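# Reading the structure
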Amino acid sequence: MKAANHIQHFSSRLIVWLVATLGGVLGAYAQGDALLTHYWAVPTYYNPAAVGESDNIRLRGGSRLQWIGIDNAPRTFLATADMPFKFLNKKFGVGAVVQQESMGLFRNLTVDAQIGYKFNALKGVFTVAVQAGLLNEQFKGSEVYIPDDDDYHQSTDDAIPNRDLGGNALDLGIGVNYVHKKFWAGVSLLHANNPTVTFTTENGGDAVGGSVTGADGETAKKYEFTASRVLYFTAGSNIPVKNTLFEVIPSVLVRSDFTFTNFEITGRVRYNKLFSAGIGYRHNDALSLMLGAEIKGVFIGYSYDYALSDIAKASSGSHEIFAGYSLKLDFSEKNRNKHKSIRIM
């Protein structure tokens, strides 16, 4: 019984610590996008200019379950869709991304629309794209629990919300992508406008300008969340193994919020353009194993991450599973310079 009380006490302090320290006024958790082992399978999530890379309607969706065994660990659900189209004899790509993520008492939802313009240059295809969408942030302040014997925080601490908060903001991004028959590379800037969410309480009081009076006569306080700009660089290639049905597919993702930079490198081997297996390394975070298959346009992939930090003592690892479908579009007469993305060759 005493051990259970200690665990509850520790968990409570952990929740309070997350609230109070992760971001000043209200934690900065969720300002970072999900770090997916399948980043190569959902390229439009990190770069809007990856829309319409090939003559296919491409649908992808899946989830990441992080740090299995730890309560309230991050959970991410993601869906993407994109396709090419022509207008006034010009080539474009269009797409959409929906993401929902949770961690402890935090929830966020992003819904983005993407459009890119394509042109041929340097023996490949360039795409310049923008995206605009909604960033929704929520915090379950009503579930915050601070023990009476806590030596560091008080239940009356104004820095810790005690009500459910939520708000929305416009979220913008830009990107450039280049696809060559031998490789691809792209750069993007997400949350380019530094979107700021001003939280409102559930009782209808709008927490703007420091404090206001809510519908129940109580004073509402100001809580804000600002998503930092994040710069991404992605690149990869397909390298056929001579006289075999195998090919090697290396790729890399580099992420920087202009304060911290990390990267992920992946190496996959694919057989007969059907079955693949690979390994990955995320800097100072995890080693990954992955399996995948793509048959008649149907894609399915699974990955397992083993943490390299001390968190491995409390977690059995992280899992991802993604699935999708690609449907061929016919541009046979008008699109004489059709260009296949090396991602799906």
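Above this text sits the structure in question.
Described in the following lines is the structure provided in the data block. (Residues numbered from 1 in each chain as written. Predicted model: local features only at pLDDT ≥ 70, side-chain atom pairs only at ≥ 80, totals over all residues. Heavy atoms only, no water.)

### Points about the packing of aromatic side chains
Spelled out, the test is: Stacked, tilted and edge-to-face are the three classes applied to pairs of Phe, Tyr and Trp rings, where Trp contributes its six-membered ring and a pair requires centres within 6.5 Å; stacked means planes under 30 degrees apart, edge-to-face means over 60, and tilted covers the rest. Relative accessibility decides the category of a residue: with a 1.4 Å probe and only protein chains considered, values under 20% of the type maximum give buried, values over 50% give exposed, and everything between is partly exposed. Comment: the charge-over-ring label is applied if NZ (Lys) or CZ (Arg) is within 6 Å of the ring centre and within 35 degrees of the ring normal.
According to the stated counting rule, one finds 12 aromatic pairs in the structure shown. Relative to Phe-92, the ring of Phe-85 lies with its centre 5.3 Å away and its plane at 15°, an arrangement referred to as stacked. Of the residues examined, Phe-92 reaches a relative accessible area of 18% and is grouped as buried. Members of the aromatic cluster, connected to one another through ring pairs, are Phe-85, Phe-92, Tyr-117, Phe-119, Phe-126, Tyr-178 and Phe-183. Arg-60 extends its terminal NZ or CZ atom over the ring of Phe-299, reaching a point 4.2 Å from the ring centre. Of note, Arg-268 hangs over the ring of Trp-40, and the distance from its end group to the ring centre comes to 3.6 Å.

### Brief notes about the nonpolar core
Here is the rule we go by: To qualify as a nonpolar core, a set must consist of buried Ala, Val, Leu, Ile, Met, Phe, Trp, Tyr and Cys residues joined through side-chain atoms within 4.5 Å. Only DSSP runs of H or I with at least four residues qualify as helices, and only runs of E with at least two residues qualify as strands; both kinds are numbered from the N terminus onward. Residues count as neighbours in contact if any of their non-hydrogen atoms are within 4.5 Å of one another.
Ranked by internal contacts, the top residues of the largest apolar core, which has 17 residues, are Leu-36, Tyr-45, Tyr-46 and Leu-78. Every element with two or more residues in this core is listed here: helix H2 (43–46) and strand E13 (230–237). When sequence neighbours within four positions are dropped, the list of residues in contact with Leu-36 reads Val-42, Tyr-45, Tyr-46, Arg-64, Leu-78, Glu-264, Arg-282, Glu-320 and Phe-322. Listed in part, the 8 residues of the second largest apolar core include Ala-169, Val-197, Phe-199 and Ala-227.

### A closer look at the pairing of strand E16 (residues 261–271)
Two faces, one strand: in a regular strand the side chains alternate between the faces of the sheet. Using the following cut-off: Strand pairing is assigned whenever DSSP identifies at least 2 bridges connecting the two strands.
Of the two faces of E16, the one lined by Asn-262, Glu-264, Thr-266, Arg-268 and Arg-270 is fully buried and the one lined by Thr-261, Phe-263, Ile-265, Gly-267, Val-269 and Tyr-271 carries no buried residue. If you look at the hairpin formed by strand E15 (residues 246–256) and E16, you'll find 4 residues sitting between the two strands, and Phe-258 has a positive phi there, around 70°. Where E16 and strand E17 (residues 275–282) come together, 8 bridges link them in antiparallel fashion. Paired with Glu-264 across the strands is Arg-282, a residue of E17. From the end of E16 to the start of E17, which pair antiparallel, there are 3 residues, and Asn-272 there has a positive phi angle of about 55°.

### Things to note about a nonpolar patch on the surface
Where we set the bar: Exposure above 30% relative accessible area and no salt bridge define the residues that can form patches, which grow by joining like charges within 9 Å and nonpolar side chains of Val, Leu, Ile, Met, Phe, Trp and Tyr within 5 Å. Per-residue and other accessible areas were derived by the Shrake-Rupley procedure at a 1.4 Å probe size, with only the shown protein chains allowed to occlude residues. A pairing counts as a salt bridge when a side-chain nitrogen of Lys or Arg comes within 4 Å of a carboxyl oxygen of Asp or Glu.
Judged by side-chain polarity, Ile-239, Val-241, Leu-245, Phe-246, Val-248, Val-269, Tyr-271, Phe-275 and Ile-295 come together as a nonpolar surface patch covering roughly 730 Å² of accessible area. Residue assignment for the nonpolar patch shows that the elements contributing at least two residues are E15 and E16. Looking at the element boundaries, Tyr-271 is found in strand E16.

### Focus on the pattern of salt bridges
In the structure shown here, the tally under the stated rule is 10 salt bridges. In this structure, Asp-305 engages Arg-64 in a salt bridge whose closest nitrogen and oxygen atoms are separated by 3.0 Å. Here Arg-64 lies in strand E1 (residues 56–65) and Asp-305 lies in strand E19 (residues 298–307), a separation of 241 residues in the sequence. Assigned by exposure class, Asp-305 and Arg-64 land together as buried. Among the salt bridges present, the one from Lys-273 reaches Glu-247, with a minimum N-O distance of 3.9 Å. Here the residue Lys-273 occupies a position in the loop between E16 and E17, and Glu-247 occupies one in strand E15, the gap between them amounting to 26 residues. According to the relative accessible area criterion, Glu-247 is buried, its value standing at 7%.

### Some remarks on the side chain of Glu-53
Note the cut-off: Throughout this description, a polar contact denotes any pair of N or O atoms lying within 3.5 Å of each other; where both atoms belong to protein, one of them has to be capable of donating a hydrogen while the other can accept it, and for residues adjacent in sequence the pair is counted only when both atoms sit in side chains.
With respect to the helices and strands, the residue Glu-53 is situated in the loop between H2 and E1. Separated by 3.3 Å, the side chains of Glu-53 and Arg-58 make a polar contact. At 3.3 Å, the side chain of Glu-53 and the side chain of Asn-177 are in polar contact.

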